[in-house]
Amino acid sequence: MKTPNSDGSELSVNNKRELDGVLEIEPHLLDQIVVVENGIQEPVNYNNWYAGLAVTDCTSGFTVRDRYNVSLRYTTTAGHCNNSNISPLPPAGVIHDYYEVDFSVHNVPNGHVLRNWARDNTAGGTTPFYRVITSYTFYPNTNDFVCKYGKTTGYTCGNITSTSATSGGHTQLLRIQPTTYWGACPGDSGGPVYNGSTAIGLIQGGPDQYCNQPGSIFYATKLQGVYNYGYVVAIQ
C-alpha cells in the first residue's frame, strides 16, 4: 500500500494497521492523505476520539497511556458509568470506583484514532471546539481557575475550592465552584477538567437535583489517583 501526500511524497506501508500507527505519531497527515491499494485511490476516513465526546451514559475523558508500556493508549470515562451502556466505547478493561478514584479505561472505538485533545467551546484557529492537551498536573491548588466539558452542560468554568473533598464515598477529590451558571449534571461524568492546555482531572459528579442551579458545586477525580493505578494522561 502506498499513501501519496499532496506534495507528491509517498509513504509505503504493508497494511492499514501500520498506517494507523503512523497517524498516531503524525495526525496532520490525515488532511491530505489518500490510500492507493490495488491501483485504486480511496480516502482514509478516520474519526478522532478525544476527551469531551458523548457516550451513552457519560462523557469521554482524557486519552491516557500505560505508565509501564508507553505504546499502549486508551480512552477514559468515570468508573461509576454503566459499563454495559457506554456506546460507542467497548466495555472497560479496567474499572476503579472507590476511595480517591472514579475512572475506567477503554480501548478506542473501532474506526477511531486517539488524540490528546479536549473539547471546549472555542471556535476558530486550527483547533475549532477542542484544545490540545500538552501537560498535566497532579497537584492543582485551591483557588485555581479551571474549566470542564460534559455532554449535558457543555463548557463551564470555575475555581477549585478544595483539593481533598469527599463525595459519595470517594475521598481526595477536587471540589469546584462554578463561576458560570452550570456545575455538572448527570451525563457529564468522566468529562475533562483542564486549565488552558493542562489536564487537571475527570468529572466525578455533583448534587444531581440541584446541578442546574447557579453556583452548584461539582467534584473531579485528581490525576494523581489515575497515575497511582498505572495510567498517565497522553500529551502527544
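So, a few notes on the structure that sits alongside this text. Worth saying up front: this structure is predicted, and the values here are computed from it rather than measured.

Below, the discussion takes up the sheet that holds strand β11 (residues 130-132). Within a sheet, neighbouring strands are paired by backbone hydrogen bonds and run either parallel or antiparallel to one another. Across the sheet, which stays open at both edges, the three strands sit in the order β5-β10-β11 with mixed pairing between neighbours. What marks the edges here is a single partner per strand, and that holds for β5 (47-51) and β11. Taking each pair of neighbouring strands and ignoring which way they run, the sheet shows an average axis angle of 60°. As paired elements, strand β10 (residues 112-119) and β11 share three bridges and run antiparallel to each other. Bridge pairing in β11 links R119 to Y130.

In this structure, F62, F103, I133, Y194 and Y231 are the most contacted members of the largest nonpolar core, which totals 20 residues. Listed by contribution, the elements that provide at least two residues to this core are β9 (101-106), β13 (145-150), β17 (198-205), α2 (223-228) and β19 (231-233). No other element matches β9, which puts three residues into this core. Setting aside chain neighbours within four positions, we find F103 in contact with T77, A78, G79, V94, I95, H96, L202, G225, V226, Y229 and Y231.

Our next topic: the pairing of strand β7 (residues 73-77). Taking burial as the measure, the five residues of β7 include four buried ones, the bulk of the element. In this sheet, β7 lies alongside strand β6 (residues 64-66) in antiparallel orientation, the contact comprising two bridges. Looking across to β7, one finds that V64 is bridged to Y74. A loop of six residues connects β6 with β7, the two strands running antiparallel in sequence. Bridging between β7 and β9 involves three bridges; their strand directions are antiparallel. Residue pairing for β9: T76 is matched across the bridge by V105.

A word on the pattern of salt bridges. Scanning the model with the defined rule gives one salt bridge in all. In this structure, R131 engages D120 in a salt bridge whose closest nitrogen and oxygen atoms are separated by 3.0 Å. Of this pair, R131 sits in strand β11 while D120 is found in the loop between β10 and β11, placing the two residues 11 residues apart along the sequence. Side by side, R131 and D120 carry an identical accessibility label, which is buried.

Procedures and definitions
Residues numbered from 1 in each chain as written. Predicted model: local features only at pLDDT ≥ 70, side-chain atom pairs only at ≥ 80, totals over all residues. Heavy atoms only, no water. Pairing = 2+ DSSP bridges. Helix = DSSP H or I, 4+ residues; strand = E, 2+ residues; numbered from the N terminus. Axes fitted to C-alpha atoms, helices over the stretch in contact; angles between N-to-C directions. Core = buried A, V, L, I, M, F, W, Y, C linked by side-chain atoms within 4.5 Å. Buried < 20%, exposed > 50% of the residue type's maximum accessible area, 1.4 Å probe, protein only. Contact = heavy atoms within 4.5 Å. Salt bridge = Lys/Arg side-chain N within 4 Å of Asp/Glu carboxyl O.

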